[in-house]
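# Summary of structural features
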Amino acid sequence: MQNPKPVSALGPLPRWIFMSRWLQAPLYLGLIVAQGVYVWQFWTELVHLIGMITVKNISETEIMLIVLGLIDVVMISNLLVMVIVGGWETFVSRLELQNHPDQPEWLSHVNAGVLKVKLATAIIGISSIHLLKSFINAAQYDEKTLLWQTMIHLTFVVSALAIAYTEKITQSTPRSHRAGTDPHAGR
């Protein structure tokens, strides 16, 4: 196997194309700001829950709906972390966390395919929380809305299964066949 060329040895156009990945940096920084918004929303909802418990007699259903809202915020925040950390590592630059004690386990083997599967399963989790909140509070929704929410959730599940299956197939296919070239063809 040949050693790859250093970036400085590339021609001007390939160097510019390769360096263009840094245009994503502001996008990831923006997602970090969005993460901060979710932290604020979480604490606002938690203070609201504590205030409701101390002021009035709150039903178990009301508590459950607020707690599910908190779980929803946490799951969306986890999704943001996966996108920020995994996306940066995959598409922008290495974070070099190999021996860091807090390195997420999944980051050591992240690639675009693994990231897609993780994101799809996170979206299913978030959708499940939304659907559960709707079913607990079903009296406030018409049947058509509940049906559509269920159908959308099932669409997420089928999509995630298709993504995972596609990723499994591409991982089991030899690299030479995925690239459309056979390294043994010239022999």
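Before reading further, recall that the structure is shown in the block above.
All figures in this text were calculated on a predicted structure; none of them were measured in a lab.

What follows deals with the overall build of the protein chain. If you tally the helices and strands in the protein chain, you get six helices and zero strands. Starting at the N terminus, the α and β elements of the protein chain follow one another as α-α-α-α-α-α. For the protein chain, with 187 residues in total, the buried portion stands at 24%. Nonlocal contacts in the protein chain, meaning residues at least 24 apart in sequence, comprise 64% of its contacts between residues at least 6 apart. For the protein chain, the exposed surface amounts to about 13,300 Å²; the carbon and sulfur share of it is 66%.

What follows deals with the packing of aromatic side chains. Under the definition given, this model contains three aromatic pairs. A ring pair is formed by Trp22 and Trp88, whose centres lie 5.5 Å apart and whose planes are at 80°; its orientation type is edge-to-face. Taken together, the positions of Trp22 in the loop between helix H1 (12–19) and helix H2 (25–55) and Trp88 in helix H3 (residues 60–92) put the pair 66 residues apart, joining distant regions of the chain. A relative accessible area of 33% means that Trp22 is categorised as partly exposed. Taking 5.9 Å as the distance between ring centres and 75° as the angle between the ring planes, the aromatic pair formed by Tyr28 and Trp88 counts as edge-to-face. One end of the pair, Tyr28, is in helix H2; the other, Trp88, is in helix H3, with 60 residues separating them in the sequence. Ring pairs connect the aromatic residues Trp22, Tyr28 and Trp88, which therefore count as one cluster.

Take the packing of helix H4 (residues 112–136) against helix H5 (residues 143–172) next. Relative to each other, H4 and H5 sit at 160°, their axes nearing to 9 Å. As far as their axial angle goes, H5 and H4 are roughly antiparallel. Judged by the sense of rotation from one axis to the other, the crossing of H4 with H5 is left-handed. Listed contacts from H5 to Gly113, Val114, Lys116, Val117, Ala120, Ile123, Ile124, Ser127, Ser128, Leu131, Ser134 and Phe135 of H4 are Leu146, Gln149, Thr150, His153, Phe156, Val157, Ala160, Ile163, Ala164 and Glu167. For the contact of H4 with H5, the per-class residue count stands at 13 nonpolar, seven polar and two charged.

On the surface, a cluster of nonpolar side chains totalling about 670 Å² of accessible area is made up of Ile123, Leu147, Trp148, Met151, Ile152, Leu154 and Phe156. Among the elements that line the nonpolar patch, the one with the most residues is H5, at six residues. Here Leu154 is to be found in helix H5.

Let us now look at the nonpolar core. Among the nonpolar cores identified, the biggest contains seven residues, and these are Phe42, Leu49, Met52, Ile58, Ile66, Leu70 and Val73. Only H2 and H3 provide two or more residues apiece to this core. Of all hydrophobic cores here, the second largest spans five residues; its members include Ile76, Leu79, Met82 and Ala122.

You can see Ser127 is positioned in helix H4. When residues no more than four places from it in sequence are discounted, the contact partners of Ser127 are His153 and Phe156.

Let us now look at the side chain of Ser134. Position of Ser134 among the secondary structure elements: in helix H4. A residue is classified by how much of its surface remains accessible, and Ser134, at 4% relative accessible area, is buried. A distance of 2.5 Å separates the side chain of Ser134 from the side chain of Gln149, its partner in a polar contact. Leaving out residues up to four positions away in the same chain, Ser134 has contacts with Tyr141, Leu146 and Gln149.

Each value, and the rule that gives it
- Residues numbered from 1 in each chain as written.
- Predicted model: local features only at pLDDT ≥ 70, side-chain atom pairs only at ≥ 80, totals over all residues.
- Heavy atoms only, no water.
- Helix = DSSP H or I, 4+ residues; strand = E, 2+ residues; numbered from the N terminus.
- Buried < 20%, exposed > 50% of the residue type's maximum accessible area, 1.4 Å probe, protein only.
- Contact = heavy atoms within 4.5 Å.
- Areas by Shrake-Rupley, 256 points an atom, 1.4 Å probe, with all protein chains shown as cover.
- Phe/Tyr/Trp six-rings, centres within 6.5 Å; stacked < 30°, edge-to-face > 60°.
- Axes fitted to C-alpha atoms, helices over the stretch in contact; angles between N-to-C directions.
- Parallel < 35°, antiparallel > 145°, perpendicular 65-115°, else oblique.
- Left-handed = near helix turned anticlockwise from the far one by under 90°.
- Nonpolar A, V, L, I, M, F, W, Y, C, P; charged D, E, K, R; others polar.
- Patch = residues over 30% accessible without salt bridge, like charges linked within 9 Å, V, L, I, M, F, W, Y side chains within 5 Å.
- Salt bridge = Lys/Arg side-chain N within 4 Å of Asp/Glu carboxyl O.
- Core = buried A, V, L, I, M, F, W, Y, C linked by side-chain atoms within 4.5 Å.
- Polar contact = N/O pair within 3.5 Å; in protein donor to acceptor, adjacent residues only side chain to side chain.

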